[in-house]
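# Results of the structural survey
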Protein chains: 2
Amino acid sequence: MATIYEVSELAGVSLATVSRVLNNSDRVKETTRVKVQDAMAALDYRPNSMAQSLASKRTNSIGILVPELHGPFFGTMLSGIEAELRNAGKHAIITVGHSDREKELDGIEFLISRNVDALILHVDAVSDEYLHKLSDNGTPVVLINRRVAALADSCISLNNQQGGYLATRAVLDQGHRQVAYISGPLWKNDAAERLLGHQQALADKGLAFDSALTREGDFQETGGKEAMRQLLASGLAFTAVVCGNDEMAAAAMEVAGKSGLLIPEQLSIIGFDNINFCRYLHPKLSTIEYPIDAMGQMAARWVLRHVYKNNKLLIQNIFEPRLYHRASITPPAA
Amino acid sequence: MATIYEVSELAGVSLATVSRVLNNSDRVKETTRVKVQDAMAALDYRPNSMAQSLASKRTNSIGILVPELHGPFFGTMLSGIEAELRNAGKHAIITVGHSDREKELDGIEFLISRNVDALILHVDAVSDEYLHKLSDNGTPVVLINRRVAALADSCISLNNQQGGYLATRAVLDQGHRQVAYISGPLWKNDAAERLLGHQQALADKGLAFDSALTREGDFQETGGKEAMRQLLASGLAFTAVVCGNDEMAAAAMEVAGKSGLLIPEQLSIIGFDNINFCRYLHPKLSTIEYPIDAMGQMAARWVLRHVYKNNKLLIQNIFEPRLYHRASITPPAA
DNA sequence: TTGAAAGCGATACCAT
DNA sequence: ATGGTATCGCTTTCAA
């Protein structure tokens, strides 16, 4: 493989000049630029990215940490990130954190050892202080779906509380007054905020929040099932269930159906996230859209702007959720 | 950040010796090894991966190309790859090809420009010749879900034909004799092979293959819907539909349901892949399992063995599919 | 506008 | 077992 040296020789210029046309930055006389480019083409020259990185202290790589890779949610987020980065000639190095503190730390450590130029993190378990320190240590950090006050400018998040509000509001507006809630793990910010929105929606209608009608799940199938079973077993009356995410909603739907309840005739259900399979469920699941692809793209854009100095890009830190009304909600039986 | 030079100074040894303990390869006296390690710890030394790469011609990174990042299938595959690679201290650089020839070439080009040590490709559109040439040019290549005869040793694939056979066999065994088939795009190998399996299963039961009962879809929702509509509109009689993948099966189920057909009582359906949402469908979708996580892991293992010389690892090139019998299949009405 | 030369931080070959 | 040193391919002052 040809090196910059051979190019400079063939073009009859110095190393430095070749480097300049390579980084099409500095002023280079047009004729010499052409000479150099011809030489490059003739030699089928490709810059060696490792040498570039070593000399420039830039790897053009961005470290990504997500909780999981399977499942519909993070794939969509990565899609948004990858497209934006690659379009700019950068690339993503992806690691998985499993919502576990040790593994998240390990993943971040790994990425830093790879000399990434920046980090895009969707973390659950590490502390705010740690993130703060990380950022102070010189690695630019963008956080998705997490707000750390001291790092507000580099947080890309959904207005989860508003989402929770919209979800509960959707069933209240249909006339429901006895509304159960299956939350995500409340130590996770987003789960707690969604619950807050739920409570606020109830309050706005002058309804009391009843913790007996609330169960804490795990954002996954098993937790959704268990929570629904408990609610049914409690003997309490409710005509609608608001769920912290779609997976739990799907699970709840299944359990309710098996218990002989007709959905939505006897029980309305709404989820959160609008992941792909909502449309396939029977009945189709109402939900709150989480524009995770756009948010991933925005995180990438943040990096392009703040790390690679593309100042044309505008950053939006907070995204607004939106209701998708589908068949799983109807007015309560009279 | 401390360099290898400072470590050597503090430990009172040469650069070369530090490098040796770093790559804990060569024989180094135990006492000096300890001295060096102490110095490293004292300085909080981290090797610079770029410098290592430049000098060793190894980036410890593996390029991955997948058709899509959203959706349940490739996320699972990447999960298998990432876990195996990171466990070995390597990392994945992921790009997307969109099953489009130009984009696939572009992605591969991008990865090569990043000096990846190897490529793991799930490609649809590029030619066998191209892949062959790519491999000849010195970049080790592993292919997932594609068999190129000349590269047989580096292909990790599912026995798609057997899968197609099992799927059709499953409905035939229930007594169905009029079986429709919705295939994936037949220019894709896997789609064609699955169809072959279908035909073979029919032949084994002494049934004639009827191309009028076969429609070519696109492995996606829209294609599945359209194909099902056409089948219903054709007026031909059939009591079961075998689909090339789960997404089309879900779509077909929906269309059939809307047309007033009861599933499975009036129409049995089976899919392929066993992606996550099969369990959530109503009725639960029977399908053929595609062990894509294990296959991703195996591809990573191939790289560890052939590129990084970990000869302890064993390679399995062909994976066998397996039937998941769920509620969407019953014997035909009498 | 262009060139010369000093790194960047490791690896690996050749000695000793 | 350890050290000396050339080398990897490029970026980036500093001069001219």
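Residues numbered from 1 in each chain as written. Chains lettered and ligands numbered in written order. Predicted model: local features only at pLDDT ≥ 70, side-chain atom pairs only at ≥ 80, totals over all residues. Heavy atoms only, no water.

In this section: the protein's contact with DNA strand C. Neighbouring DNA strand C are 29 residues, the closest being Arg20(A), Arg27(A), Thr32(A), Ile4(B) and Ser19(B). Here the atoms of DNA strand C within 4 Å of the protein split so that 67% fall in sugar or phosphate, with bases taking the remainder. Within the side chain of Thr17(A), a nitrogen or oxygen atom sits 2.7 Å from a phosphate oxygen of DNA strand C. Here a phosphate oxygen of DNA strand C and a side-chain polar atom of Tyr45(B) are 2.8 Å apart. Every element with two or more residues in the surface near DNA strand C is listed here: α2 (15-22) and α4 (49-56) of chain A together with α2 (15-22) and α4 (49-56) of chain B. It is α4(B) that contributes the most residues to the surface near DNA strand C, 5 residues altogether. (Near = heavy atom within 4 Å. Polar contact = N/O pair within 3.5 Å; in protein donor to acceptor, adjacent residues only side chain to side chain. Helix = DSSP H or I, 4+ residues; strand = E, 2+ residues; numbered from the N terminus.)

Before going further, it helps to examine helix α5 (residues 72-87) of chain A. Residues and elements named next belong to chain A. Relative to the 22 Å expected for 16 residues at 1.5 Å per residue, α5 spans 23 Å between its end C-alpha atoms, a close match to the ideal helical length. Within α5, 12 of the 16 residues are buried, which leaves it mostly tucked inside the rest of the structure. Here α5 has its buried residues at Pro-72, Phe-73, Phe-74, Gly-75, Met-77, Leu-78, Gly-80, Ile-81, Glu-82, Glu-84, Leu-85 and Arg-86. Just past α5, the residue Gly-89 takes up positive phi, approximately 80 degrees. (Expected span 1.5 Å × (residues − 1). Buried < 20%, exposed > 50% of the residue type's maximum accessible area, 1.4 Å probe, protein only.)

Assigned domains within chain A: domain 1 (4-56), domain 2 (61-158 + 291-319) and domain 3 (160-290). Once you take the C-alpha centre of each, domain 1 of chain A and domain 2 of chain A turn out to be 33 Å apart. (Domains from an automatic or database assignment.)

Here we take up the protein's contact with DNA strand D. Neighbouring DNA strand D are 27 residues, the closest being Ile4(A), Tyr45(A), Arg20(B), Arg27(B) and Lys29(B). The side chain of Ser19(A) places a nitrogen or oxygen atom 2.8 Å from a phosphate oxygen of DNA strand D. For the surface near DNA strand D, the secondary structure elements donating two or more residues are α2 and α4 of chain A together with α2 and α4 of chain B. In terms of residue count, the dominant contributor to the surface near DNA strand D is α4(A) (4 residues). In the surface near DNA strand D, the residues fall into 12 nonpolar, 10 polar and 5 charged. (Nonpolar A, V, L, I, M, F, W, Y, C, P; charged D, E, K, R; others polar.)

As a further point, take the packing of aromatic side chains. Each aromatic ring pair is described using two quantities: the centre-to-centre distance and the angle formed by the ring planes. All told, the structure shown has 6 aromatic pairs over all chains when counted by the stated rule. Look at Phe277(A) and Tyr280(B): their rings are 4.8 Å apart centre to centre, the planes differ by 25 degrees, and that puts the pair in the stacked class. In this pair, Phe277(A) sits in the loop between β9 (268-270) and β10 (287-289) while Tyr280(B) sits in the loop between β9 (268-270) and β10 (287-289), so the two residues belong to two different chains. Overall, Phe277(A) belongs to the buried group, its relative accessible area being 5%. On the basis of relative accessibility, which here comes to 7%, the residue Tyr280(B) falls in the buried class. Summarising the aromatic geometry, the rings of Phe73(B) and Tyr290(B) are spaced 5.0 Å apart at their centres and angled 75 degrees between planes, so their arrangement reads as edge-to-face. Of this pair, Phe73(B) sits in helix α5 (residues 72-87) while Tyr290(B) sits in the loop between β10 and α12 (292-306), placing them 217 residues apart in sequence. (Phe/Tyr/Trp six-rings, centres within 6.5 Å; stacked < 30°, edge-to-face > 60°.)

Scanning the entire structure with this criterion turns up 34 salt bridges over all chains. As a salt-bridge pair, Asp173(A) and Arg169(A) come within 3.0 Å of each other at their nearest N and O atoms. Taken together, the residues Asp173(A) and Arg169(A), both in helix α8 (residues 160-173) and 4 residues apart, mark about one turn of the helix. Here Arg169(A) falls in the partly exposed class, since its relative accessible area comes to 26%. Residue Glu30(B) is joined to Arg33(B) by a salt bridge in which the shortest nitrogen-to-oxygen separation is 3.6 Å. (Salt bridge = Lys/Arg side-chain N within 4 Å of Asp/Glu carboxyl O.)

Attention shifts here to the interface of chain A and chain B. On the side of chain B, 44 residues touch chain A, which itself brings 44 residues to the contact. Across the chain A to chain B interface the summed buried area is about 4,000 Å²; carbon plus sulfur atoms make up 54%. At the surface where chain A touches chain B, the tally comes to 6 salt bridges. The residue Glu109(A) makes a salt bridge to Arg46(B) at a minimum N-O spacing of 2.5 Å. (Contact = heavy atoms within 4.5 Å. Buried area = accessible area lost by both parts, 1.4 Å probe.)

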